[in-house]
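One letter stands for each residue in the lines below.
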Amino acid sequence: MLTTFDKLSKMLTQEKRLGYKNKAVLGGFEKLAPNWTAEALQEAPNDEVRQVVEEIQQELLGYAAVAEAERPNYIHKILVKLFKVGEQYPSKSPQREAKRETPPPTEPSQVSPPPTSVKHHPTISVPTERERPAIEERRRRPVFSVEPKSVEPKSVESKNDSILPPRRTAPPPRPKIAEPPERLGEETKESKPQIVPPPVPAPIPAPMVSPESYEFINTGLDSAVTRLPGIKGVMAEKLANLGITVIGDFLNLHPRRYDDYRALKPINRLQYGEEVTIIGQIWDVRKRDLSNNRVMIIAALSDGTATIEISWFNQPWLLEKLRPGMQIVVSGKVNEYLGRLNFQSPDWEELDQNLVHTGRIVPVYPLTLGLGAKWLRNQIKRAVDYWTPRLPDPLPEDIRQRLEFGQFGQAVAQVHFPDDWQSLEAARRRLAFDELLLVQLTMLRQRQNWRTQKGTPLAIDETALERLLPALPFPLTAAQQKVLRDLVIDLKQDVPMSRLLQGDVGSGKTVVALLAMILTAMNGGQAAILAPTEILAEQHARSMQKLLPPLSEALGRPFELRLLTGSTPAAERRELADKLASGTVDILVGTHAIIQENVQFKNMQLAVIDEQHRFGVEQRAALRRKGFNPHMLVMTATPIPRTLALTLYGDLDISTIDEMPPGRQPIETRFLTPRERERAYSFIKSQVAQGRQAFIICPLVEESDKLEAKSAVEEHKRLQEDVFQRLKLGLLHGRMKSSEKDQVMVAFRNREIDILVSTSVVEVGIDIPNATVMLVEGANRFGLAQLHQFRGRVGRGEHKSYCLLLADIASPEAEQRLQAVERTTNGFELAEEDLRLRGPGEFFGTRQSGLPDLKFVKLSDTRLLELARREANAILQEDQNLAQPKYRLLLEKLNNFWNTRSEAN
């Protein structure tokens, strides 16, 4: 007779099967609660149990009001309480006790190992009466289904090709080693088991709660890993090196690759060099002592078709673990020794229903010193088995079904332990969509929030614009004119402009920005341009000052442009602050000094940020706060692929200058191997002899013990003493003080320095018209977009210029990448290739891009990106604040998605 607690357990289990729809009981659990409580209180042996009964009653009464996404956890907590009561319940039914003590009989012909005994834990959720027969049936079921034609395309004539021998209590007489199948086929049925064709492993579904996963009960995803058995002290520190400190981190550590061990074959059909899985019975295990205190464990494994030797080096404990008669699964590469096939240190595990390391697509995780691959994989497998069925899905059910995506928890499970490659790709696509959806929701919400604010429309006089363009010393390209028109339209709106202007090096972005700032000043407003370095700020100020006189004359009024950097003297800074506050200064060019609290504008209406990915979120916001919702223009000289632009700058309108001004000198690019370094030096000497200057870029500032790369400091010394003794060399790197950098750049600009040895600090903002050679040491260590930026530092004058890419590793991969830079000067083509090779996190050569760590997104997948953007738009149109109950989990996920290291732009 079932107890009241057992009855409720069965009902809750049925609720699981019915998808948590509150249909397991007629009228719902709220109708069941009073009657069940009355019976349970009569059976309760003490006050402690009665208190638990009353708690469960309240939970049953409130079940209908619980969101469906939360119901799995809700039911699980009730089941845990029921089991705790059952453990101390004095009158357990005889049927339950009999079923626990007497396992079902196993037929001798079955090959599955006997059921593993389960150690009872005080918080284990044990199977119910209805579940136990199904569990026992799974235990008795053969591990692999028999599909005669699934492994070999030809039919199997011999009856001796079984790769799954029957289980024996003791090993039978040892067969001859590698006996051919013809000889084995002559044996009788009495002396040899009946053979079936080699099977293919069928997908083995993980149980809802495997016995090994009981350790996770009464823990949470945010519980410390030290709450798990066997993870304490040193082991916890090793896991922390992989970023695993809480249980949820096991699910977030994704495989770096996969090994496919599904190719199941009989031993007599193995071929040298193939990656396969075999199943057999151990006949013999022995140890062989080697030199230098090393040992080798050798096992003979038979599957009824032949026998093969397997060896493991320096693993003496295997002598105790591997026992004759044990059936194991072995996966690895088939080797050969003295003409005989064997396995050397393969992966193996005892034959069981739930294979982890063999016979499947096996995940390979990143490791750290002292952490074994099998141990870590076992930990992750147990966490995946227990937690993935319990993970709430942040994607509303109607959206998920319409897009035909699988459940979130199922996708996480398949990413770790996929059933097949198709399941893995489907899981990756689901999780990649989730990442892109969160990015797009953030960007579009920012865009909507910004566009709901009231801005200051500028009354731009079209006749003034018509007078400006002819006054320029050069005509604007068609691309520049189109972008200028976009800016004029935006500036006329009462919604603040928020636009990204991207263009290749030397495409003329600064001129367009200057015209927009002049139009702002004509409207009585002020404009500011923020640059990441003093060198770039000074360059902008100098080039704009050259252009202002003819433009001022054309418009009939002067424009005051000033420069503000960290090096500006205190007296000049105070005088400049007064002029800014009074509105005398029309255009301010500067660095971070602009966003200091003591710098106040009278009426800033346009803010321009150059190389905006160099600035953080707070710095950009600080510049905006200098005016009343000013129009915002951000610029970048790094061409950005469309997918990355929509992802990283989804809150901005995007304009592109994809046309170079006429007369710009083409830059000839050459890829050189390490043997051609002297040729490069000779070419630089010849250019300097003609009165030109050169850059030499090094990957590092100082010499590193771990990286075999040129350092700027050491290379400057070597080149000056050994290669260019008669030339003047300068040194520039990021650790120098601003004043020191300025002195070097002034000397280089004034031709007091022939060759500038530098780090990547010259990637942006250096304009030396007389420099004609760019030599990049260790070019294979830089991204393609960064190399294109280096190349843009030359070719800015009237002389023909050159870019030499010198690799320190002449690998085929490095050669292919550098030849791409050699082949094209189109920055957008190189940006696409760079994004494909390096991913978004390192695209700019810095992790300050504002983009979070996207684990599954392939930004080449434009369709998935557009799908995510379309769905994000639809969600925000329905509920801009994600306040509806069905979006609660999505909003929580969104808030946790961005962190201090990767904030939304």
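Residues numbered from 1 in each chain as written. Predicted model: local features only at pLDDT ≥ 70, side-chain atom pairs only at ≥ 80, totals over all residues. Heavy atoms only, no water.

Undergrad: Before we go on, may I ask you to explain the overall build of the chain in this structure?
TA: Helix and strand counts for the chain come out as 29 helices and 21 strands. For the chain, the residues scored as buried account for 51% of the 905 residues in total. Considering only contacts in the chain between residues 6 or more positions apart, those separated by 24 or more positions represent 75%. Element-wise, carbon and sulfur atoms account for 50% of the exposed surface of the chain, whose accessible area totals about 42,300 Å². (Helix = DSSP H or I, 4+ residues; strand = E, 2+ residues; numbered from the N terminus. Buried < 20%, exposed > 50% of the residue type's maximum accessible area, 1.4 Å probe, protein only. Contact = heavy atoms within 4.5 Å. Areas by Shrake-Rupley, 256 points an atom, 1.4 Å probe, with all protein chains shown as cover.)

Undergrad: What's the story with helix H29 (residues 888-897) in this structure? I'm lost.
TA: Note on helix geometry: an α-helix contains 3.6 residues per turn, so any two residues three or four positions apart are oriented the same way. Listing the buried residues of H29 in full gives Leu889, Leu890, Leu894 and Phe897. Each buried residue of H29 sits inside an arc of 140° when the element is viewed along its axis, so together they form one side. Away from its buried face by more than 90 degrees, H29 exposes Asn895 and Asn896. (Arc of directions from axis to C-beta.)

Undergrad: What is the right way to look at the packing of helix H13 (residues 408-416) against helix H14 (residues 421-451) in this model?
TA: When two helices pack together, their arrangement is given by the angle between their axes and by how far apart the axes lie. For the pair H13 and H14, the least separation of the axes is 8 Å and the interaxial angle reads 125°. By the angle between their axes, H13 is oblique relative to H14. Note that H13 runs across H14; the crossing there is left-handed. Between H13 and H14, the residues in contact are Phe408, Ala411, Val412, Gln414 and Val415 and Ser423, Leu424, Ala427, Arg428, Arg430, Leu431 and Asp434, respectively. (Axes fitted to C-alpha atoms, helices over the stretch in contact; angles between N-to-C directions. Parallel < 35°, antiparallel > 145°, perpendicular 65-115°, else oblique. Left-handed = near helix turned anticlockwise from the far one by under 90°.)

Undergrad: Help me out: how do you make sense of unusual backbone geometry in this one?
TA: Excluding glycine, a negative phi dihedral is what most residues carry, and trans is how most peptide bonds are arranged. Phi at Ser345 is positive, roughly 50°, even though this residue is not glycine. Tracing the backbone through its elements, the reader meets Ser345 in the loop between strand E6 (340-344) and strand E7 (347-350). One non-glycine residue, Glu404, lies in positive phi territory at about 60°. Inspection of the secondary structure puts Glu404 in the loop between helix H12 (397-403) and H13.

Undergrad: For this particular structure, what's the right way to read the sheet that holds strand E14 (residues 631-636)?
TA: Sheet strands pair by backbone hydrogen bonding; their relative direction is either parallel or antiparallel. Strand order in the open sheet formed by seven strands is E11-E12-E10-E13-E14-E9-E15, and the pairing between neighbours is parallel. Since the sheet does not close on itself, it has two edges, and those belong to strand E11 (561-564) and strand E15 (653-657), each with one partner. For this sheet, the mean inter-axis angle between neighbouring strands, taken without regard to orientation, is 20°. Relative to strand E12 (residues 587-590), strand E10 (residues 526-530) runs parallel, the two being bridged by four bridges. If you follow Ala527 over to E12, its bridge partner there is Ile587. (Pairing = 2+ DSSP bridges.)

Undergrad: Any chance you could explain the pattern of salt bridges here in plain terms?
TA: Where charged atoms from two side chains of opposite charge approach closely, those side chains can pair. Across all of its chains, the model carries 35 salt bridges by this definition. Residue Glu59 pairs with Lys81 through a salt bridge whose shortest N-O separation is 2.8 Å. Within this pair, whereas Glu59 is found in helix H3 (residues 47-61), its partner Lys81 is found in helix H4 (residues 71-87), the two being separated by 22 residues in sequence. Arg286 serves as the salt-bridge partner of Glu309, at 3.2 Å between the closest nitrogen and oxygen. Placement of the pair is Glu309 in strand E4 (residues 307-313) and Arg286 in strand E2 (residues 275-289), with a sequence separation of 23 residues. A residue is classified by how much of its surface remains accessible, and Glu309, at 32% relative accessible area, is partly exposed. (Salt bridge = Lys/Arg side-chain N within 4 Å of Asp/Glu carboxyl O.)

Undergrad: What's the story with the nonpolar core in this structure? I'm lost.
TA: Nonpolar side chains in soluble globular proteins tend to end up buried together. Counting residues in hydrophobic clusters, the biggest one holds 63 residues, and the most contacted among them are Phe250, Leu376 and Phe433. Residue contributions to this core peak at 12 residues, all from H14. If we ignore the near neighbours within four places in the chain, the residues touching Leu376 are Leu239, Leu242, Ile244, Phe250, Leu253, Tyr365, Pro366, Leu367 and Leu371. Leu468, Leu514, Leu519 and Leu555 belong to the second largest nonpolar core, which has 46 residues in total. (Core = buried A, V, L, I, M, F, W, Y, C linked by side-chain atoms within 4.5 Å.)

Undergrad: Whenever I open this one, the side chain of Glu274 confuses me. Can you help?
TA: Assignment of secondary structure puts Glu274 in the loop between strand E1 (257-260) and E2. Side-chain polar atoms of Glu274 contact the backbone nitrogen of Gln271, separated by 2.6 Å. Residues contacting Glu274, with those up to four places away along its chain left out, are Lys265, Arg269, Gly332, Lys333 and Val334. (Polar contact = N/O pair within 3.5 Å; in protein donor to acceptor, adjacent residues only side chain to side chain.)

Undergrad: Help me out: how do you make sense of helix H22 (residues 677-689) in this one?
TA: The terminal C-alpha atoms of H22 lie 19 Å apart, and with 13 residues this matches the ideal 18 Å at 1.5 Å per residue to within 8%. Three or more residues of H22 are buried, namely Arg677, Ala680, Tyr681, Ile684, Gln687 and Val688. Buried residues of H22, viewed axially, fall in a sector of 120°; they line one side. Facing away from the buried side of H22 by over 90 degrees, the exposed positions are Glu678, Arg679 and Ala689. Where the residues of H22 are buried, they touch strand E16 (667-672), strand E17 (693-697), helix H23 (712-723), strand E19 (755-758), strand E20 (771-777) and strand E21 (801-806). (Expected span 1.5 Å × (residues − 1).)

Undergrad: Looking at this model, I keep getting lost on the environment of Ser9. Mind explaining?
TA: Within the secondary structure, Ser9 is located in helix H1 (residues 4-17). Ser9 gets classed as buried once you look at its relative accessible area, which sits at 14%.

Undergrad: Would you mind going over the confidence of the model for the chain with me for this structure?
TA: For any part of a model where pLDDT is low, the fine detail of the predicted coordinates should not be relied upon. Here the chain averages 79 in pLDDT, while 79% of its residues score no lower than 70. Low pLDDT, under 50, characterises residues 134-208; the stretch is placed with 149 contacts to residues that sit more than four places away or in other chains. Overall, residues 900-905 carries pLDDT values under 50, and its contacts beyond four positions in sequence, including any with other chains, amount to 22 contacts. (pLDDT = per-residue confidence, 0-100.)

Undergrad: I keep staring at the environment of Leu253 and nothing clicks. Help me out?
TA: Mapping Leu253 onto the fold places it in the loop between helix H9 (248-252) and E1. Residues Leu253 and His416, 163 residues apart in the sequence, show an inter-C-alpha distance of 8.9 Å. Setting aside anything within four residues of it in sequence, one finds Leu253 in contact with Leu242, Ile244, Tyr365, Pro366, Leu376, Ile380 and His416.

Undergrad: Would you take a moment to explain the sheet that holds strand E18 (residues 729-732) for this structure?
TA: Taking strand neighbours across the sheet as the criterion, the six strands line up as E16-E21-E20-E17-E19-E18 in an open arrangement whose pairing is parallel. The open sheet terminates on both sides in strands that have one partner only, identified here as E16 and E18. Here the average twist between neighbouring strands, direction ignored, is 15°. With four bridges joining them, E17 and E19 adopt parallel strand pairing. For Ile696, the partnering residue across the bridge sits in E19 and is Val757.

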